[in-house]
Amino acid sequence: MTTYAIGDVQGCLGALEALLERIRFDLRRDRLWFVGDLVNRGPDSLEVLRFVKSLGDASITVLGNHDLHLVALAEGFGRRRADDTLDEVLAAPDRDELVAWLRHRPMLHAESDYVVVHAGLLPQWTVARAGELAAEVEAALRGPGYRNFLAELYGSRPAYWDDALVGTDRLCVIVNAMTRMRFVSADGTMDFHAKGPPASAPRGCLPWFESPGRLSASATLITGHWSALGLRVAPNLLALDTGCVWGGQLSAVRLDDRQVFQFACPKG
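As the structure is a prediction and not an experimental result, all values here were calculated from the model. (Residues numbered from 1 in each chain as written. Predicted model: local features only at pLDDT ≥ 70, side-chain atom pairs only at ≥ 80, totals over all residues. Heavy atoms only, no water.)

Quick word on the packing of aromatic side chains
- Tallying each qualifying case throughout the model produces six aromatic pairs.
- Through successive ring pairs, a cluster of aromatic residues spans Phe 183, Trp 208, Phe 209 and Trp 226.
- It is Arg 103 that lies over the ring of Tyr 146; its NZ or CZ is 3.6 Å from the centre.
- The ring of Phe 192 is capped by Arg 180, whose NZ or CZ atom sits 4.3 Å from the centre of that ring. (Phe/Tyr/Trp six-rings, centres within 6.5 Å; stacked < 30°, edge-to-face > 60°. Lys NZ or Arg CZ within 6 Å of the ring centre and 35° of its normal.)

So this is what it looks like as structure tokens:
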């Protein structure tokens, strides 16, 4: 069995199909780990959802910020953005089935020495602790009160972790770290404004993965979310958002040997 990790698809079905052809994906023997953001900004979010869902146990996808945005919109929360491309999903006859499937995806997947998470992990969290915190959010998303949670999901405060946090504040920090984070300050406070490359870090901030003493550094984190970061293949980081939806590339890494496969995406 061969496992491939795949970067942010964001509704680019043609690129995904071409990349799977390039790696000679075989449903019977291979597995795909998606880093989240299956949907939005690209033209084919509906068909991407249908396809990935149809893969069953051959794929695992963690939740990204655009995936959660879709779930919230489908339940009547949040605001549609001018550059959203989710109307086809929201109008689909199988919308409820697809959104429920998406809502039940994990926040984090840990296996062997790998951790798949959309954006990253706060430096204060070990992999084990992050798994526990991800499970808290998953329980809220999958439980009978999930709509109450979705109603409070948006917002960037608080921007730091404290074990004493409770309720919505606690869950929102976990969600924001795992799906939106790029830069953090020395004390682990997240900055949600800067989206550029690491060299553009706000004063006093570093990319989350460069935080000194990061407690998850012994594992290899597989992430997406940060197109300005680009492809990073390092001993403890596989960053795979290479901006397919912006005319960049859709990237996959074969975990057996870390060989990179890419498909150049058309612009527009």
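Resuming the write-up.
A short note on the nonpolar core
- By size, the foremost hydrophobic cluster in this structure holds 83 residues, and its most contacted members are Ile 6, Trp 125 and Met 178.
- Ignoring anything within four residues of it in the chain, the contact list for Ile 6 reads Leu 16, Leu 19, Leu 20, Leu 32, Trp 33, Phe 34, Val 35, Leu 240, Leu 250, Ser 251 and Ala 252.
- By size, the runner-up hydrophobic cluster in this structure holds 11 residues, among which are Ala 5, Tyr 114, Leu 240 and Leu 255. (Core = buried A, V, L, I, M, F, W, Y, C linked by side-chain atoms within 4.5 Å. Buried < 20%, exposed > 50% of the residue type's maximum accessible area, 1.4 Å probe, protein only. Contact = heavy atoms within 4.5 Å.)

Observations regarding the sheet that holds strand S11 (residues 237–239)
- Across the sheet, five strands lie side by side as S4-S5-S9-S11-S10; this open sheet has mixed pairing. A strand with exactly one partner marks an edge of an open sheet, and here the two such strands are strand S4 (108–111) and strand S10 (232–234). When the angles between neighbouring strand axes are averaged without regard to direction, this sheet yields 15 degrees.
- Note: strand S9 (residues 220–223) against S11, three bridges, orientation parallel. From the neighbouring strand, Leu 221 faces S11, where its bridge partner is Leu 237.
- Helix H6 (residues 127–142) rests against S4 and strand S5 (114–117) of the sheet, and its axis sits at about 140 degrees to S4. (Pairing = 2+ DSSP bridges. Helix = DSSP H or I, 4+ residues; strand = E, 2+ residues; numbered from the N terminus. Axes fitted to C-alpha atoms, helices over the stretch in contact; angles between N-to-C directions.)

Some points on helix H3 (residues 65–74)
- Burial analysis of H3 places nine of its 10 residues in the buried class, which makes it a mostly covered element.
- If you check which residues of H3 are buried, you get His 66, Asp 67, Leu 68, His 69, Leu 70, Val 71, Ala 72, Leu 73 and Ala 74.
- Tucked into the core, H3 has its buried residues touching helix H2 (45–54), helix H4 (87–90), helix H5 (95–103), H6, helix H7 (146–151) and helix H8 (167–180).
- Just downstream of H3, Gly 76 is the residue with a positive phi angle, here 90 degrees.

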